[in-house]
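Coordinate analysis (summary)
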Amino acid sequence: MSQPEPAAAGQVTAQQTQVFEDEVRDAIRYERGLAIRCVACILLVAVILALRVYFFG
Amino acid sequence: MTDLALAFKSLLVAFVMLGAVPLLVANYQFLLVGLHFRRLHYAKCRPWFPRTAILIPAWNEAAVIGTSIDRLMLLDYPRERLRIYVVDDASTDDTPQVVLAREAEYPGNVVHLRRDRGGEGKAATLNHGLAEILADDWMQAILIMDSDVIYEPSSLRRMTRHLADPGVGSVTAYIKEGSRPGNYLTRFIGYEYITAQAAARRSQEVLGVIACLAGGAQLHSRANIEAIGGQVDTTTLAEDTVTTFETQKRGRRVIFEPHATVWAEEPGSIVALWKQRLRWARGNVQVTRRFKSVWFRPQRNNRLGSISFGLLWFCLLLLPVFMVLASASLVILFFIDYQLAWAAFHVLWLTNVITYIFITSFTLAIDPGVGRHTWKEALLFPGLINVIILAAALLPGPVSWIGHELAAAAGFGVTLGWVRGIELFTYVWLSACMGVAFVGKLAESRTFGRFLGPLFVYIGGYGPLLCAITTAAYLKELRHAEATWDKTEKTGKMGVPT
């Protein structure tokens, strides 16, 4: 499949390009943050299981 | 012990362990969310503003359609590249007048299409609009949405930028529950939508396959809508899922844009939720049958046949079967080998505990904004009794001590018979919770229903209620019950956070 003609997307202003770049940067940062939150939640499970094994087993 | 008895017990234990499979798959799904940042599509995106036709099917939507159009006109998108087509499916309320007023207010941007003979369902209404829109070549992309949903101003352009990549056929957005003030049920749905949309669609994207474009937010390139025949499926109750599958079968990618937010009003009563979800669940059963040649058969040009996607799909579809099998097996084991039943139960519920803690905490972390007003429903999603069982599985000593203290305070001692009875109850509850949640539906329309309905859902669980609906869908499909399009009533009570 070939790349669509730029004209098909309408005229893009410099401001729109800037907004696009800012939004993409924010989105990437958010998605990377999710990976950290995922690890934090795994650690939470590990801590709770450890407490169970050592203190409430 | 005879070989036969041993084989029978092994089979029962296997059935109990089978109950852990959906839990393990759910954990796998949520782990994939953490990898979503590695599968982002932004490198192939550009600011992209194709001429977009917005297609809205409407039947008696006077309460909501005007606001929806007004909000669409506030989209941060070049207005000359936007047209809203409202397909009025022979409405008998003020829908035509409301739409015609907006047509006059936004000349060139709003088009009213009237079907004189309606009642053929949403898909037929959409096809009427698609035929009109495809008849001329103005449209470069088409957004199919519901009349009650509200798009945040940036949402459409956040979706269209993915179409700059010609390999993308469709894009969907993150639908959030937007009823305000809402009630306990809309808060359950709000939480559920983080799991079913924000989380599940991210994980599906990591796998390279999307299960369903949200019916209220599906953007297609013209090439894609033409490739799938220029119309949507009318033979199932899940035309959006069929469109999603057909798009991917033809080798086009479907994208989930989690940062394009769309707000929808969801059912505020169990009866309305049941009607809506029964339609969805029956649609999923029909899709499973229709695409039977796809499952677990990897293809070169799409990932619909991948093992991972098949596991995600069938674990959700067959969850009630897993629950009933595990529960029945535990009850039989209880009577023929008590110790074995207890051991199997322990493994199953510890898996449940891990899943509950991981998924609940991660879900709330994925969308803290929604999580802040749905955290109580998040904690009680499996139901109060199941949460107590989870606590007992995690902390048997303290929970047992509390139980003994409560019994002593009530004036009776805890005997071995009582303990066995409670254990048997927990085995039965694994499947009985679906029935209790279902009783909530029955109770809702009776005396004290406003009190009893929520009570049963909180005790039985919202998750088990969804499983009960899936079970009802199996039965309807097995009986070949008539598949009618029962529209969900909308009131327009939406509050979109700014």
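Residues numbered from 1 in each chain as written. Chains lettered and ligands numbered in written order. Predicted model: local features only at pLDDT ≥ 70, side-chain atom pairs only at ≥ 80, totals over all residues.

The subject of this paragraph is the overall build of chain A. Within chain A, the secondary structure is distributed over 1 helix and 0 strands. Looking at chain A as a whole, 9% of its 57 residues qualify as buried. (Helix = DSSP H or I, 4+ residues; strand = E, 2+ residues; numbered from the N terminus. Buried ≥ 20, exposed ≤ 12 C-beta atoms within 10 Å, placed from the backbone.)

This part is about the environment of I144 of chain B. Residue and element names in this part refer to chain B. Note that I144 resides in strand 4 (residues 141–144). For I144, a count of 27 C-beta atoms within 10 Å translates into the label buried. As for I144 and L55, which are separated by 89 residues in sequence, their C-alpha atoms are 4.9 Å apart. With near-sequence residues (within four places) excluded, I144 lies in contact with L55, L126 and Q218. (Contact = placed C-beta atoms within 7 Å.)

Residue and element names in this part refer to chain B. Their axes nearest at 9 Å, the elements helix 3 (residues 65–72) and helix 4 (residues 95–105) cross at an angle of 20°. One way to sum up the angle between helix 3 and helix 4 is to call them roughly parallel. For the crossing formed where helix 3 meets helix 4, the hand is right-handed. Counting all contacts with helix 3, which are made through I65, G66 and I69, the residues of helix 4 involved are T95, V98, V99 and R102. A per-class count over the contact of helix 3 with helix 4 returns 4 nonpolar, 2 polar and 1 charged. (Axes fitted to C-alpha atoms, helices over the stretch in contact; angles between N-to-C directions. Parallel < 35°, antiparallel > 145°, perpendicular 65-115°, else oblique. Left-handed = near helix turned anticlockwise from the far one by under 90°. Nonpolar A, V, L, I, M, F, W, Y, C, P; charged D, E, K, R; others polar.)

Okay, the domain arrangement of chain B next. Residue and element names in this part refer to chain B. When the domains of chain B are assigned, the result is domain 1 (39–306) and domain 2 (315–478). The C-alpha centroid of domain 2 is placed 35 Å from the C-alpha centroid of domain 1. Across the boundary between the two partners, domain 1 contributes 21 residues, which contact 26 residues of domain 2. At the level of elements, helix 7 (184–207) and helix 10 (270–290) are the ones that each hand at least two residues to the side of domain 1 that touches domain 2. Its residues assigned to classes, the side of domain 1 that touches domain 2 shows 12 nonpolar, 5 polar and 4 charged. (Domains from an automatic or database assignment.)

Residue pairs spaced three or four apart in an α-helix point in one direction, given the helix's 3.6 residues per turn. Residue and element names in this part refer to chain B. The first and last C-alpha atoms of helix 12 (residues 319–336) sit 26 Å apart over 18 residues, in line with the 26 Å expected at 1.5 Å per residue. Among all positions in helix 12, only L319, P320, F322, M323, A326, S327, S329, L330 and L333 are buried. Where helix 12 is buried, its residues meet helix 1 (3–18), helix 2 (21–33), helix 11 (307–317), helix 13 (338–366), helix 17 (416–444) and helix 19 (462–478). (Expected span 1.5 Å × (residues − 1).)

What follows concerns helix 18 (residues 449–460) of chain B. The end-to-end C-alpha distance of helix 18 of chain B is 16 Å, a good match for the 16 Å that 12 residues give at a rise of 1.5 Å each. Phi turns positive one or two residues past the end of helix 18 of chain B, at G461 of chain B, with a value near 110°.

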